[in-house]
Amino acid sequence: MSTQGPSIHDTGALFQIAEPEERRAPARAPGRGIGIDLGTTNSLVALAPHGDDPKVLADGEGRALLPSVVSYVGDRVIVGDAAQAQQEEAPGQVVSSVKRFMGRGLSDVDFTHPYHLVAPSQGAGVLRLDVGAEGEPHLVTPVEVSAEILRVLRLRAEDALGGPIDGAVITVPAYFDDAQRQATRDAGRIAGLNVYRLLAEPTAAALAYGLDRGGQGLFAVYDLGGGTFDVSVLRLHDGVFQVLATGGDSALGGDDLDRALAAHLLGRAGFDETRPPTRHQRELARIAARAAKEALSEQGEVRVSVAACGIDDLAVTRATFEELIEPLVQRTIRACRAALRDAGVRARELDGVVLVGGSTRVPRVRAAVEETFGRPPLTDIDPDKVVAYGAAIQADILSGSAREGVTLLDVVPLSLGIETMGGIVEKLIPRNATIPIAARQVFTNYSEQQTGMQIHVVQGERELASDCRSLARFELRGIPRLPPSMARVEITFQLDADALLTVTARELMTGVRQSVEVKPTYGLSEEEVDRLVMESYDHASDDYAARNLAEARVELGRVALAVRTALAEVGHLTAILPAEERASIEAALVSADALMREASEAEAVNAARVEIERRSEPFARRRMERALLAGMEGKSLHEIESVLAAEEEHLDERRGGHSAEVIDG
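Because the structure is a prediction, the values reported are computed rather than measured.

S.K.: Which parts of the structure should I look at to understand the overall build of the protein?
M.R.: A count of helical and extended segments in the protein gives 14 helices and 30 strands. The buried share among the 665 residues of the protein stands at 52%. Counting only contacts in the protein whose residues sit at least 6 apart along the sequence, the fraction spanning at least 24 positions is 69%. Carbon and sulfur atoms form 50% of the exposed surface of the protein, whose accessible area is close to 29300 Å².

S.K.: Quick question: what am I supposed to make of the packing of aromatic side chains here?
M.R.: Here a ring pair, both rings aromatic, is described through the centre-centre distance and the interplanar angle of the planes. Enumeration according to the criterion identifies two aromatic pairs in this entry. Between F101 and Y115 the ring centres are 6.1 Å apart and the planes differ by 70 degrees, which places this aromatic pair in the edge-to-face class. Here F101, found in the loop between β9 (94-96) and β10 (116-118), pairs with Y115, found in the loop between β9 and β10; they are 14 residues apart in sequence, far enough to count as distant. With a relative accessible area of 2%, F101 lands in the buried category. The ring of F271 carries the charged tip of R275 above its face, separated from the ring centre by 4.3 Å.

S.K.: Where do I start with the pairing of strand β28 (residues 489-495) in this structure?
M.R.: As a general feature of sheets, a regular strand has side chains that alternate between the two faces. Counting buried residues in β28 gives six out of seven residues, a clear majority hidden from the surface. Looking at chain direction, strand β25 (residues 437-443) and β28 are connected through seven bridges and run antiparallel. Looking across to β28, one finds that F443 is bridged to V489. Taken together, the seven bridges between β28 and strand β29 (residues 501-507) define a ladder with antiparallel strand orientation. When the sheet's bridge partners are listed, Q494 is paired in β29 with T502.

S.K.: I'm lost on the sheet that holds strand β11 (residues 128-130) in this one. Help?
M.R.: Pairing in this open sheet of three strands is antiparallel, and the strands run β10-β11-β12 from one edge to the other. One side of each edge strand has no neighbouring strand; the edge strands of this open sheet are β10 and β12 (139-140). Here three bridges tie β10 to β11, and the two strands are oriented antiparallel to one another. Directly across from H116, in β11, lies its bridge partner D130.

S.K.: Quick question: what am I supposed to make of the packing of helix α5 (residues 254-268) against helix α6 (residues 279-296) here?
M.R.: When two helices pack together, their arrangement is given by the angle between the helix axes and by the axis-to-axis distance. Between α5 and α6, the least distance of the axes is 8 Å, while the angle of their chain directions is 110 degrees. In terms of orientation, α5 and α6 fall into the roughly perpendicular class. In this structure, the crossing between α5 and α6 has a hand that is right-handed. Contacts between α5 and α6 pair G254, D255, L257, D258, R259, L261, A262, L265 and L266 from the former with Q281, R282, A285, R286, A289, R290, A292 and K293 from the latter.

S.K.: Even after reading the chapter, I still don't get unusual backbone geometry, so can you show me in this structure?
M.R.: With the exception of glycine, the majority of residues adopt a negative phi angle, and the majority of peptide bonds are in the trans configuration. The phi angle at S97 is positive, at roughly 55 degrees, despite the residue not being glycine. Tracing the sequence through the fold places S97 in the loop between β9 and β10. Residue classification places S97 among the buried positions, given a relative accessible area of 6%. In this structure, D313 is a non-glycine residue whose phi angle is positive, near 55 degrees. Within the fold, D313 resides in strand β19 (residues 311-317).

S.K.: Honestly, helix α8 (residues 363-373) in this entry has me stumped. Any pointers?
M.R.: Turn by turn, an α-helix covers 3.6 residues, leaving residues three or four places apart pointing in a common direction. Every buried residue of α8 is listed here: R364, V365, A368, V369, T372 and F373. Relative to the axis of α8, the buried residues are bounded by an arc of 150 degrees and lie together on one face. Taken together, the buried residues of α8 touch β15 (217-224), α7 (318-343) and β20 (352-356).

S.K.: Quick question: what am I supposed to make of α5 here?
M.R.: Between its terminal C-alpha atoms α5 stretches 22 Å, which fits the 21 Å expected from 15 residues at 1.5 Å a residue. Looking at α5, one finds that the buried residues are G254, D255, D256, L257, D258, R259, L261, A262, H264, L265 and L266. On its buried face, α5 is in contact with α6, β18 (301-306), β19 and α7. Once α5 finishes, G270 follows within two positions and takes phi at roughly 100 degrees, a positive value.

S.K.: Help me understand the environment of R197, please; the structure alone is not making it clear to me.
M.R.: Of note, R197 is situated in strand β14 (residues 195-200). Relative accessible area serves as the criterion here: at 8%, R197 is assigned to the buried category.

S.K.: Even after reading the chapter, I still don't get the nonpolar core, so can you show me in this structure?
M.R.: A general feature of soluble globular proteins is that nonpolar side chains tend to end up buried together. V304, L350 and F373 are the most contacted members of the largest nonpolar core, which totals 49 residues. Built from parts of two domains, this core gets at least three residues from each of domain 1 (33-253 + 324-409) and domain 2 (254-323). Dropping the residues within four chain positions of it, V304 is found in contact with L265, A288, A292, I311, D312, D313, L314 and V316. Ranked by size, the runner-up nonpolar core spans 42 residues in total, among them L66, V79, V98 and F101.

S.K.: When you look at the pattern of salt bridges in this model, what are you seeing that I'm missing?
M.R.: Oppositely charged side chains may form a pair once their charged atoms are brought near each other. One pass over the full model with this rule turns up 26 salt bridges. Its salt-bridge partner being D59, residue R63 comes within 3.0 Å of it at the nearest N-O pair. R290 serves as the salt-bridge partner of D255, at 2.6 Å between the closest nitrogen and oxygen. You can see D255 sitting in helix α5 and its partner R290 sitting in helix α6, a full 35 residues away along the chain. Per residue, the accessibility class of D255 equals that of R290, and both read buried. The network of salt bridges with shared partners includes R100, D255, D256, D258, R290 and K293.

Rules used throughout
Residues numbered from 1 in each chain as written. Predicted model: local features only at pLDDT ≥ 70, side-chain atom pairs only at ≥ 80, totals over all residues. Heavy atoms only, no water. Helix = DSSP H or I, 4+ residues; strand = E, 2+ residues; numbered from the N terminus. Buried < 20%, exposed > 50% of the residue type's maximum accessible area, 1.4 Å probe, protein only. Contact = heavy atoms within 4.5 Å. Areas by Shrake-Rupley, 256 points an atom, 1.4 Å probe, with all protein chains shown as cover. Phe/Tyr/Trp six-rings, centres within 6.5 Å; stacked < 30°, edge-to-face > 60°. Lys NZ or Arg CZ within 6 Å of the ring centre and 35° of its normal. Pairing = 2+ DSSP bridges. Axes fitted to C-alpha atoms, helices over the stretch in contact; angles between N-to-C directions. Parallel < 35°, antiparallel > 145°, perpendicular 65-115°, else oblique. Left-handed = near helix turned anticlockwise from the far one by under 90°. Arc of directions from axis to C-beta. Expected span 1.5 Å × (residues − 1). Core = buried A, V, L, I, M, F, W, Y, C linked by side-chain atoms within 4.5 Å. Domains from an automatic or database assignment. Salt bridge = Lys/Arg side-chain N within 4 Å of Asp/Glu carboxyl O.

This is the structure we're talking about:
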């Protein structure tokens, strides 16, 4: 049997655009839908039940932002702040910025990172990260890492709702391609989520702003996150949010600003091509650079020290940082101008510019946006939370709550097509087409011997298939032997509201049909997803308890280290620390050490931490008072009273924090 790619003869008049058939929606639980912003740097979960204003959910410590960091140190998986605390000691086993790896192959990873990547054994396939200790391989996929983050957010929402959630809207960068979107949906499924919809981050931000302002008019959304950049132009009118154009770069974000500064720091420390830094040193420099970047948003100069890199109290000014990141900022501006052109809109016609993403706090970024669009950007909603707010609103709508109707008309970020003879791409769905959408086109045979047709689905803007992203290949057999250009094969692309693709090929004479839900080359197979889902169900309670125990151990270790450091600093000065009190604190530390090794429940570990804090509080107070007295010499009475008042307030807060921790325990 001969199988070749389709020919494109005589197809122009047979091109059709149609809305896909409406599917019957399953019964849903109004008010129990959640919105999740799965971010490169931080992730959030929000609720907006029954038409209420959206609110971001915090953890037991009152923290709304969950660092998108997963630690595989030891035999327990830890997510969030506790994982981030282990990043410096074991950067290769603590995964951050995993969003940059989603739906990617080895050849797509063109940025520096501290991980050992493992390519698939046979050609293209899902990438894996080896997060095991030296000599002990432990392979995980980016989808599994993201699922760990989503699972924690799901549990946080279930705690807030007092029971299971019904479903979730998860946001993705507007410029995510089909492979990246499918990977995100798979991660949600593995985390035990019914994913209502994947929502573009700029659209979510516009939804939050639009409802808050009674939204009318044209808006641009500038979204600079940790690992991706998106810009979208939207029209808001009478409850309809229509995305006119979108653009950006899925490999450009705040991480790149950090790396630019880290490279500068390492260069100042004497590293170059002849003396390159290790992966560990690069990662430590990046962590320090991120902290410096955040400080420079408020200060004109910061000082940086990274002992492992030989960086000691190095001064970095905001002007230097802005010079380093200017090429990256200009890349975002070029994408903004292209999106305006695609939308057919001039900057002065816009009614507002919305900022999204933590990296938009960088003063140079805000200045560049204002220069480009000719107006100060809107910043009255926290750029870290605005996407989660919009996702929560959309989730509430999709759950069936009686909220005032809102229609979202999103667009596909990149063109979709098939490879025809000669390796040429025939685009069936152009970029910036409104979704959901279906497109049909009829293709014909290339030769009389052709009894099958290879369908190669690609995504991208290039004219040759080799320059575009390969999404899927499948074969239609049973084409009758006909002279060239006589067979008629109708190919249908159906794109749902999540911009996920189904392709159908049908030979019109015989009715032979083949359909495939496009599973991108770099995605997990259905069997792998099903296995991981079942494992998450089977081990849900054990995993939850194990994560709590691991996080409790990290917190106990942090407190114990701080107390031991303080004990060493005062030595045996009995005026500050009587011998009996020292013995009591040291006994609590010894007990804590044993619990760190032997405890099987988080409650016991948390209780040990609280006990150390209780026994050491009088010592901490005396030590602080001594430091205050030393610092008050030569000060006026008014200055001393101000300092003491501030200190009393600090101690009250500390006591309140201990009380909250006892309740959690």
